[in-house]
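# Reading the structure
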Amino acid sequence: MLTAITGINWGDEGKGRMVDLLSEDYDVVVRYQGGNNAGHTVINEKGKFVLNLLPSGILREDVVNVMGNGVVIDLKHLHGEMGRLREAGIKITPENLKISDRAIICTPYHVQQDCLEEERLKDAKYGSTRRGIAPVYGDKYMKKGIRMGDLLDSEESLKSKIEGIVNWKNLFIEKGYGAEKLDAEEIFAWIKEYGYELKDYICDTGLFINEAAEKGKNVMFEAQLGALRDIDFGIYPFTSSSSTIASYAPIGAGVPNRKLDLTVGIMKAYSTCVGEGPFTAELFGDDAEHLRKAGNEYGAATGRPRRVGGFDVLASKYGVRMQGADEIALTKLDVLSYMDKIPVCTGYTVDGKELDVFPIGEKLDNAKPVYEYVEGWHEDISGCRKLEELPKAAIEYVKYIEKAVGCKIKYVSVGAEREEYIVIPD
Ligand code: GDP
Ligand code: MG
């Protein structure tokens, strides 16, 4: 069984939480794209963890975790993340963590370039997490990346690769941005310091996953961010720099020969968006502040306050289609419990005309939300474990959303902890 867990919205839907829950029946959990700009929060009996690079399956002892070729890896960050988890008693060895030899290394000059570019853009900035993600993916496609597998080659070979890339990079850093020239020796030393300790973890992870699938093992692919941040289909250029889409999972994991059996779309009961870019359903003022507080909507990776809005039907329908979701996990329903009336963005208008599909470009920039209000329930639902236990208005809300996006809601999450969820039988 090959399953993708992906985001339907702008990210932070609770993917980490759902991977932690659903991975019980899985043998392998794979991150297939993105880097340490991810922030997946998991709360279970072992404690509270924020995972940036490591797959959320790392918290389960019998799961083998894979960082696929589609991921970009900041070695120092990974060193710190592994250290923090080990301090919390989590075992991490080459047995339960495998890193693709084809994954690209994110270095300090990528972070520097990210910051230089955001500063150059001033008010037109992207709202980057400044973790070097766009520059490192840019380099990957310019074929100027250093790969994890390069750490297994001779020092001479790695050094000369770094030198060649640094000479090229200095055209931008030194001559373009006017910053201090990069030093190849320093970069080599950084890579050696944080990379060589990972040598035993690096392998052909595609081969590993393929063999596992052949043996009938269950493999889960964990996405970072959501459909609306996908490099091709998201709110470009306010997207991430990789493909967050389920169809990309077999590629980013190194098994393009395999097809997914199931795609679970993680969809939030309301909308949130970190950083810049069009966000049509956005709420402002007290309504926004209240929802942000109720949902504790502050970025897990960056601490930034998230922009918030009502559930966005048009964007979520688009997300469901782009992810090819077979079923939905609706998360954070409990957060809405304080509302008398729940705002739902049922569509967008441009120049007074209602749109049928999620737009791009100026249409998206100028889109106005159409808001409707549905009945709230005003009681604590975090203890509910069956659909029937939810207040009538909450059941109505789930059904309303299910119908609006046209995809079965299989799970409803009513709290951040592992057991706080409802399964809706077929
Ligand atoms: P991810 O990036 O998709 O993994 O999501 P994040 O971890 O960035 O954001 C989701 C946040 O909501 C985390 O702080 C979770 O602990 C929390 N969370 C997840 N599901 C629920 C839920 O059903 N209810 C509540 N109240 N919090 C939740
Ligand atoms: Mg997150």
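An account of the accompanying structure is given in this report. In this text, all values refer to a predicted model and were calculated from it rather than measured experimentally. (Residues numbered from 1 in each chain as written. Chains lettered and ligands numbered in written order. Predicted model: local features only at pLDDT ≥ 70, side-chain atom pairs only at ≥ 80, totals over all residues. Heavy atoms only, no water.)

### Digging into the sheet that holds strand β19 (residues 409–413)
- The strand order across the open sheet formed by ten strands is β9-β7-β5-β2-β10-β1-β11-β15-β19-β20, and the pairing between neighbours is mixed. If you trace the sheet from one side to the other, it starts and ends with β9 (202–203) and β20 (421–423), each paired once.
- Inspection of the sheet shows β19 paired to β20 by three bridges, in the antiparallel sense. Across the sheet, residue V412 finds its bridge partner in β20, namely I422.
- Contacts between helix α1 (residues 15–22) and the sheet are confined to β1 (2–7), β2 (28–31), β10 (219–226), β11 (262–268), β15 (327–331), β19 and β20, with β10 contributing the most and set at about 170° to the helix.
- Against the sheet, helix α12 (residues 392–405) makes contact with β11, β15 and β19, and its axis sits at roughly 135° relative to β19, the strand it touches most. (Pairing = 2+ DSSP bridges. Helix = DSSP H or I, 4+ residues; strand = E, 2+ residues; numbered from the N terminus. Contact = heavy atoms within 4.5 Å. Axes fitted to C-alpha atoms, helices over the stretch in contact; angles between N-to-C directions.)

### Focus: the coordination of the magnesium ion (ligand 2)
- Here the magnesium ion (ligand 2) is held by the protein donor atoms D12 (OD) and G39 (O), which lie 2.0 to 2.2 Å from it. Of the two residues, D12 is situated in the loop between β1 and α1 and G39 in the loop between β2 and β3 (40–44); the sequence distance between them amounts to 27 residues.
- A relative accessible area of 14% places G39 in the buried class. (Donors = N, O, S within 2.8 Å, 3.2 Å for Na, K, Ca; no water. Buried < 20%, exposed > 50% of the residue type's maximum accessible area, 1.4 Å probe, protein only.)

### Focus: the site of ligand 1
- Taken together, 17 residues form the shell around ligand 1, and within it K15, G39, T41, D334 and S413 come nearest.
- Backbone polar atom of G14 to an oxygen atom of ligand 1: 2.9 Å apart, as the coordinates give it.
- A distance of 2.7 Å separates an oxygen atom of ligand 1 from a polar backbone atom of T41.
- Computed on the free molecule, ligand 1 has an accessible area of 590 Å², of which 91% lies beneath the protein chains in the complex.
- Structurally, ligand 1 is housed in the second largest pocket. (Near = heavy atom within 4 Å. Polar contact = N/O pair within 3.5 Å; in protein donor to acceptor, adjacent residues only side chain to side chain. Areas by Shrake-Rupley, 256 points an atom, 1.4 Å probe, with all protein chains shown as cover. 1 Å grid on protein atoms, 1.4 Å probe; cavity = no way out; pocket = protein on both sides within 12 Å on 5 of 7 lines; lining within 4 Å. Sits in = over half its atoms within 2 Å of the grid points.)

### Re the packing of helix α3 (residues 108–121) against helix α5 (residues 155–176)
- Put simply, α3 and α5 touch, their axes get as near as 12 Å, and they point 15° apart. Comparing the axis directions of α3 and α5 gives the class roughly parallel. Remark: the crossing between α3 and α5 carries left-handed chirality. Contact residues: Y109, Q112, Q113 and L116 in α3; I165, K169 and I173 in α5.
- Split into classes, the residues belonging to the contact of α3 with α5 amount to four nonpolar, two polar and one charged. (Parallel < 35°, antiparallel > 145°, perpendicular 65-115°, else oblique. Left-handed = near helix turned anticlockwise from the far one by under 90°. Nonpolar A, V, L, I, M, F, W, Y, C, P; charged D, E, K, R; others polar.)

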